[in-house]
Amino acid sequence: IKNKDSNTPTFVAIRCFVHTPRWAGVPFILKAGKALNERKAEMRIQFKDTPAADFLFDHDCPRNELVMRMQPNEAIYMKTNV
């Protein structure tokens, strides 16, 4: 890297799979960026869609998430759609 002080927005997302019976079909999505609107470091675990959501709700129901934020303010919280 020639210019580490660059303000050019950079973003990347990678989708990985672990080829074992336990993790079959589970995507691991890694995202990173620089010079974006906000500075944060967090890990999100998105759970599978609920099987009956299409029948219970008229609109798309967002997935439940477990969020672990490392910065700027450390926190662990669960986003649920009940």
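Residues numbered from 1 in each chain as written. Predicted model: local features only at pLDDT ≥ 70, side-chain atom pairs only at ≥ 80, totals over all residues. Heavy atoms only, no water.

*Asks:* Is there a simple way to think about the sheet that holds strand β4 (residues 65–71) in this case?
*Replies:* One key point about sheets: their strands pair by backbone hydrogen bonds, in either a parallel or an antiparallel sense. Ordered by their spatial adjacency, three strands build an open sheet running β3-β4-β5, and the pairing between neighbours is antiparallel. Edge positions in the open sheet fall to β3 (41–46) and β5 (75–79), since each of these has one partner strand only. Adjacent strand axes in the sheet meet at a mean angle of 15 degrees when their direction is disregarded. The pairing of β4 with β5 spans five bridges and is antiparallel. Counted as the bridge partner of R69 is A75 from β5. (Pairing = 2+ DSSP bridges. Helix = DSSP H or I, 4+ residues; strand = E, 2+ residues; numbered from the N terminus. Axes fitted to C-alpha atoms, helices over the stretch in contact; angles between N-to-C directions.)

*Asks:* Explain the layout of surface pockets to me, please; I cannot follow it from the model alone.
*Replies:* Empty space left among the atoms is revealed by rolling a probe the size of a water molecule over them. Taken as a whole, the largest pocket spans an internal volume of roughly 1400 Å³. In terms of lining, the largest pocket is formed by 27 residues, of which the most central are I29, K31, E42, M43 and R44. Tallied by class, residues from the lining of the largest pocket come to 14 nonpolar, three polar and 10 charged. (1 Å grid on protein atoms, 1.4 Å probe; cavity = no way out; pocket = protein on both sides within 12 Å on 5 of 7 lines; lining within 4 Å. Points joined across faces, edges and corners; volume = space filled by probe spheres on them. Nonpolar A, V, L, I, M, F, W, Y, C, P; charged D, E, K, R; others polar.)

*Asks:* It is not clear to me how the pattern of salt bridges should be interpreted in this structure. Could you clarify?
*Replies:* Two side chains carrying opposite charge are able to pair once their charged atoms lie near each other. Using the criterion set out here, one finds three salt bridges in the structure. Between R44 and E65 there is a salt bridge, and its shortest N-O distance comes to 2.7 Å. Remark: E65 occurs in strand β4 and R44 occurs in strand β3; sequence separation between them is 21 residues. Owing to a relative accessible area of 6%, E65 belongs among the buried residues under this scheme. Among the ionic contacts, a cluster of salt bridges with common partners joins E42, R44, E65 and K79. (Salt bridge = Lys/Arg side-chain N within 4 Å of Asp/Glu carboxyl O. Buried < 20%, exposed > 50% of the residue type's maximum accessible area, 1.4 Å probe, protein only.)

*Asks:* Mind showing me how you'd approach the side chain of E65 here?
*Replies:* Among the polar contacts listed, one links the side chain of E65 to the side chain of R44, at a separation of 2.7 Å. Not counting chain neighbours up to four residues away, the residues in contact with E65 comprise R44, I45, Q46, F47, Y77, M78 and K79. (Polar contact = N/O pair within 3.5 Å; in protein donor to acceptor, adjacent residues only side chain to side chain. Contact = heavy atoms within 4.5 Å.)

*Asks:* What's the story with a nonpolar patch on the surface in this structure? I'm lost.
*Replies:* Taken together, V12, I14 and L30 make up a surface patch of nonpolar side chains, about 260 Å² in accessible area. Along the polypeptide, L30 turns up in strand β2 (residues 27–34). (Patch = residues over 30% accessible without salt bridge, like charges linked within 9 Å, V, L, I, M, F, W, Y side chains within 5 Å. Areas by Shrake-Rupley, 256 points an atom, 1.4 Å probe, with all protein chains shown as cover.)

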